[in-house]
Amino acid sequence: MMKRDQCFRVLASHCPDDVVVAVYSSAFDWVRIRPHALNYFAVGAMGLASSHALGLALGQPGRRIIVLDGDGSLLMNLSELATAAEEEVDVKLVLFNNGLHGLVHQQQALFLGRRFIADRFRARPDFAALARGFGVPAVDLETASDPAAELASALARPGPCLINAPIAEEEQVLPMVPPGGANREMIGGQADAVL
Ligand SMILES: Cc1ncc(C[n+]2csc(CCOP(=O)(O)OP(=O)(O)O)c2C)c(N)n1
Ligand SMILES: [Mg+2]
């Protein structure tokens, strides 16, 4: 299992400067890695990062595009894998697979007395197998002997690829502003830096 930060660092060192990164949920803090990059967009609605990335790939062939998605998010729009295969888009989809609605779990842990509900997936689909079933090549970092090297080589291959990246469920995405709170009350960040 890789830590999200390890994934980020491999991604950062194998991305050309003009890569476009579409991120969802656990990956929002990718912005810490490249704080001044303009070619990054965060998608708030689950399921949409992959669609946006495919649209961009069709509109700008040749552009390197990476999607950082959550397992809950991808499950909302899994059929995009069919489009990725049909159009042979050069999109790498890195799936941060924590078996949770992680952001929901984190809010319940931090602000709701650890009363967890609707946070955990009882079914744990084999996303790499699903991708291959759609005709999209896939790698699974869970079974890789050297996950960082496997990730790097998947990024280097042309065409679509799903990369299943298992992530520990305790990993939190910070900073986070408490519900109803002001930005200066953020947890795990430097409020002064944004004021
Ligand atoms: C369409 C939609 N429904 C509900 C939400 C509320 N929501 C925000 S994060 C989240 C959980 C996301 O889970 P996952 O995609 O697995 O990402 P993780 O937080 O685990 O990285 C939910 C339900 C949303 N953003 N979009
Ligand atoms: Mg998740």
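Quick look at the structure, then.

The rules behind the values
- Residues numbered from 1 in each chain as written.
- Chains lettered and ligands numbered in written order.
- Predicted model: local features only at pLDDT ≥ 70, side-chain atom pairs only at ≥ 80, totals over all residues.
- Helix = DSSP H or I, 4+ residues; strand = E, 2+ residues; numbered from the N terminus.
- Rg over C-alpha atoms; globule rule 2.2 N^0.38 Å.
- Buried ≥ 20, exposed ≤ 12 C-beta atoms within 10 Å, placed from the backbone.
- Contact = placed C-beta atoms within 7 Å.
- Axes fitted to C-alpha atoms, helices over the stretch in contact; angles between N-to-C directions.
- Parallel < 35°, antiparallel > 145°, perpendicular 65-115°, else oblique.
- Left-handed = near helix turned anticlockwise from the far one by under 90°.
- Nonpolar A, V, L, I, M, F, W, Y, C, P; charged D, E, K, R; others polar.
- Pairing = 2+ DSSP bridges.
- Right-handed = clockwise from strand over helix to strand, strands pointing away.
- Arc of directions from axis to C-beta.

## A word on the overall build of the protein
Part 1 of the argument: Each helix and strand counted, the protein has 8 helices and 6 strands in total.
Part 2 of the argument: The secondary structure elements of the protein, listed N-terminal to C-terminal, are α-β-β-α-β-α-α-β-α-α-β-α-β-α.
Part 3 of the argument: Over its C-alpha atoms the protein spans a radius of gyration of 17 Å, differing by no more than 12% from the 16 Å that the globule rule assigns to 195 residues.
Part 4 of the argument: Across the 195 residues that make up the protein, the buried fraction comes to 35%.
Part 5 of the argument: For the protein, contacts bridging at least 24 residues in sequence account for 65% of all contacts bridging at least 6.

## Some thoughts on the packing of helix H1 (residues 4-13) against helix H7 (residues 147-156)
Part 1 of the argument: Relative orientation of the contacting elements H1 and H7 amounts to 40 degrees, with a least axis distance of 10 Å. Classified by the angle between their axes, H1 and H7 sit oblique to one another. Pair H1 / H7 crosses with right-handed handedness. Contacts between H1 and H7 involve Gln-6, Cys-7 and Val-10 from the first element and Ala-148, Leu-151 and Ala-152 from the second.
Part 2 of the argument: Within the contact of H1 with H7, the residues separate by chemical class into 5 nonpolar, 1 polar and no charged.

## Structural notes on the packing of helix H2 (residues 48-59) against helix H4 (residues 80-87)
Part 1 of the argument: Closest axis-to-axis distance for the H2/H4 pair is 10 Å, and the angle between their directions is 15 degrees. The orientation of H2 relative to H4 falls into the category roughly parallel. H4 is crossed by H2, and the crossing has left-handed handedness. Seen from H2, the contacting residues are Ser-50, Ser-51, Leu-54 and Leu-58; seen from H4, they are Glu-80, Thr-83, Ala-84 and Glu-87.
Part 2 of the argument: Looking at the contact of H2 with H4 residue by residue, the class counts come to 3 nonpolar, 3 polar and 2 charged.

## Considering the pairing of strand S6 (residues 161-166)
Taken residue by residue, a regular strand's side chains alternate between the two faces of the sheet.
Part 1 of the argument: In terms of residue burial, S6 counts as a mostly covered element, since 5 of its 6 residues are buried.
Part 2 of the argument: Pairing of strand S4 (residues 91-97) with S6, which is carried by 6 bridges, proceeds in the parallel orientation. Bridged to Phe-96 within S6 is Ala-165.
Part 3 of the argument: Judged from the 3 bridges that link them, strand S5 (residues 138-140) and S6 form a sheet pairing that is parallel. The residue bridging Asp-140 from the neighbouring strand is Asn-164, located in S6.
Part 4 of the argument: Between the parallel elements S5 and S6, the chain passes through H7 in a crossover that is right-handed.

## What about H1?
Part 1 of the argument: When we look at burial in H1, the residues that qualify are Arg-4, Cys-7, Val-10 and Leu-11. One side of H1 holds all its buried residues, which, seen down the axis, span an arc of 125 degrees. In H1, the exposed residues that point more than 90 degrees away from the buried face are Asp-5 and Ser-13.
Part 2 of the argument: If you follow the buried residues of H1, they end up packed against strand S3 (65-70), S4, H7 and S6.

## With respect to unusual backbone geometry
Part 1 of the argument: Of note, the amide linkage connecting Leu-174 to Pro-175 takes the cis form, showing an omega dihedral of 5 degrees.
Part 2 of the argument: Structurally, the position occupied by Pro-175 is in the loop between S6 and helix H8 (191-194).
Part 3 of the argument: You will see that Arg-114, though not glycine, has its phi angle at about 55 degrees, which is positive.
Part 4 of the argument: By the element assignment, Arg-114 lies in the loop between helix H5 (102-111) and helix H6 (127-134).
Part 5 of the argument: Located in the positive-phi region is Ala-118, a residue other than glycine, with phi close to 55 degrees.

## Observations concerning the environment of Ala-156
Part 1 of the argument: With respect to the helices and strands, the residue Ala-156 is situated in helix H7.
Part 2 of the argument: For Ala-156, a count of 10 C-beta atoms within 10 Å corresponds to the exposed category.
Part 3 of the argument: Between the alpha carbons of Ala-156 and His-14 there is a distance of 7.8 Å; along the sequence they are 142 residues apart.

Interpretation note: all reported values are geometric properties and have no functional meaning in isolation.
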